[in-house]
Amino acid sequence: MQTTVVAAENSVPVEDEADVALCARSISAWYGTKLAIRDVSLDFRRHSISALMGPSGCGKTTFLRCLNRIHESALGASTTGEVLLDGTNIYDPGVNPVVTRRRIGMVFQRPNPFPTMSIFENVVSGPRYTGLSRNPRELKDLAEEALRQAALFDEVKDKLDDPALSLSGGQQQRLCIARALAVQPEVLLMDEPTSALDPLSTLKIEELMEQLATNYTVVIVTHNLQQAARVSNFAAFMLGDADRVGSVIEYAPTQQIFTHPNDRRTEDYITGRFG
Ligand SMILES: Nc1ncnc2c1ncn2[C@@H]1O[C@H](COP(=O)(O)OP(=O)(O)OP(=O)(O)O)[C@@H](O)[C@H]1O
Ligand SMILES: [Mg+2]
């Protein structure tokens, strides 16, 4: 079902609705009876990088996981609100969450390659499982393309059958990015993708994010303010209230957030006064 896109209260103005790839509308999320985020509405512009920032526990991960329906897989977890992917609500009863998770891929904080699989098998696991392809020739091509996009191919092309765990941490994270890309998603969600990595691997992933944003809509969670300032086009600042329920305080082009934020609390956070 197509739903008309109406700009969110705290959305960044977009000239053309078609420029919005993903919009969250009034997302609230619970763990059992505990409300973790309240009424979060954000538009994510196509082929851009949006960063979610905020102190620990304010609900960044929870919100990110609502964007592709992974949140609901946690025990007792629930969500209200809508997430429109190209105008269709991914929470509509007729929408298959497996298809949604293929279209909206996710990369986690710690590299999590499937430990018993080879490098190659990790990359093609998604296309195989989702039925995108089971043809060996096609899978080989898909794997090469995904590994190239993840800037890993040259480092692994002669050892595709080696165990994934034989790679370094930074290579494993790029492998996880390749695995996410292999199912040809439209949106890539990344939850602190470099927090477990050394500075050189971090730099590689940041360069990679910028390249990926030419074809994908990227949403990252980061604690690293310099990283948000370096790589993102838009930035949202989230904060929890006294009951630790998170919401969005401000969302704007990154440069504006870092040079003249509208809200005092955003300014305090980015100048390191708390968080
Ligand atoms: N599995 C869970 N069960 C119960 N409560 C949870 C669970 N995961 C997170 N929470 C709670 O939900 C709130 C938001 O947590 P979330 O992990 O989304 O925060 P975050 O902003 O990503 O924090 P961090 O920066 O530390 O990763 C917190 O109060 C947290 O304690
Ligand atoms: Mg988190």
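Cut-off values and rules
Residues numbered from 1 in each chain as written. Chains lettered and ligands numbered in written order. Predicted model: local features only at pLDDT ≥ 70, side-chain atom pairs only at ≥ 80, totals over all residues. Helix = DSSP H or I, 4+ residues; strand = E, 2+ residues; numbered from the N terminus. Rg over C-alpha atoms; globule rule 2.2 N^0.38 Å. Buried ≥ 20, exposed ≤ 12 C-beta atoms within 10 Å, placed from the backbone. Contact = placed C-beta atoms within 7 Å. Near = placed C-beta within 6 Å. Nonpolar A, V, L, I, M, F, W, Y, C, P; charged D, E, K, R; others polar. Expected span 1.5 Å × (residues − 1). Arc of directions from axis to C-beta. Pairing = 2+ DSSP bridges. Core = buried A, V, L, I, M, F, W, Y, C linked by C-beta atoms within 7 Å. pLDDT = per-residue confidence, 0-100. Axes fitted to C-alpha atoms, helices over the stretch in contact; angles between N-to-C directions. Parallel < 35°, antiparallel > 145°, perpendicular 65-115°, else oblique.

Time to look at the overall build of the protein chain. Counting secondary structure elements, the protein chain contains ten helices and ten strands. Computed over its C-alpha atoms, the radius of gyration of the protein chain comes to 18 Å, within 12% of the 19 Å expected for a compact globule of 275 residues. Seen through its principal axes, the protein chain has C-alpha atoms that stretch 55 × 45 × 40 Å. Relative to its full complement of 275 residues, the protein chain shows a buried share of 43%. Within the protein chain, contacts between residues separated by at least 24 positions form 69% of all contacts whose residues are at least 6 apart in sequence.

Contacts to ligand 1 come from 13 residues, most closely from Tyr 31, Ala 36, Ser 56, Thr 61 and Thr 62. Sorting the residues of the shell around ligand 1 by element identifies β2 (34–45) and α1 (60–66) as the ones contributing at least two each. The leading source of residues in the shell around ligand 1 is α1, at three residues. Considered class by class, the residues forming the shell around ligand 1 number four nonpolar, six polar and three charged.

With that settled, consider unusual backbone geometry. Within the chain, Asp 86 stands out as a residue other than glycine whose phi angle is a positive 50°. Mapped onto the secondary structure, Asp 86 falls in the loop between β4 (77–85) and β5 (88–89). Accessibility expressed as a C-beta count within 10 Å gives 15 for Asp 86, which makes it partly exposed. Even without being glycine, Ala 151 reaches a positive phi, approximately 55°. Tracing the sequence through the fold places Ala 151 in the loop between α4 (136–149) and α5 (153–156).

Glancing now at helix α3 (residues 119–130). Listed in full, the buried residues belonging to α3 are Ile 119, Asn 122, Val 123, Val 124, Gly 126 and Pro 127. Against α4, α5 and α6 (169–181) lie the buried residues of α3. Of the residues trailing α3, Gly 131 is marked for its positive phi of about 80°.

Along its 14 residues, helix α7 (residues 199–212) runs 20 Å from first to last C-alpha, staying within 8% of the 20 Å computed at 1.5 Å per residue. For α7, the complete set of buried residues consists of Ile 205, Leu 208, Met 209 and Leu 212. Buried residues in α7, looked at end-on, bunch into an arc of 105°, giving them a common side. Summarising the geometry of α7, the exposed residues directed more than 90 degrees from the buried face are Pro 199, Leu 200, Glu 207 and Gln 211.

Looking now at the pairing of strand β10 (residues 246–253). For a regular strand, side-chain orientation follows a simple rule: the groups alternate between the two sheet faces. Counting buried positions over the eight residues of β10 gives six, a clear majority of the element. The sheet contact formed by strand β9 (residues 234–240) and β10 spans seven bridges and is antiparallel. Within β10, the residue paired with Met 238 across the bridge is Val 248. Once β9 ends, the chain turns through five residues before running back antiparallel as β10, passing Arg 244 with a positive phi of about 60°.

All right, on to the nonpolar core then. Within soluble globular proteins, side chains that are nonpolar tend to cluster in buried spots. Within the largest apolar cluster, 77 residues are counted, with the highest numbers of intra-cluster contacts made by Ala 178 and Val 218. Once you skip the residues sitting within four places of it in the chain, Ala 178 turns out to touch Val 123, Ala 146, Leu 147, Gln 149, Ala 150 and Leu 152.

Per-residue confidence for the protein chain gives a mean pLDDT of 92; residues scoring 70 or more make up 94%. Counting interchain partners and residues more than four positions distant, the pLDDT-below-50 stretch residues 1–7 has 14 contacts.

Taken N-terminus to C-terminus, the directions of α3 and α4 make an angle of 110°; their axes are 9 Å apart at the nearest point. As the angle between them shows, α3 and α4 are arranged roughly perpendicular. Across the interface between the two elements, Phe 120, Val 123, Val 124 and Pro 127 of α3 pack against Leu 139, Leu 142, Ala 143, Ala 146 and Leu 147 of α4. Here the contact of α3 with α4 is composed, by residue class, of nine nonpolar, no polar and no charged.

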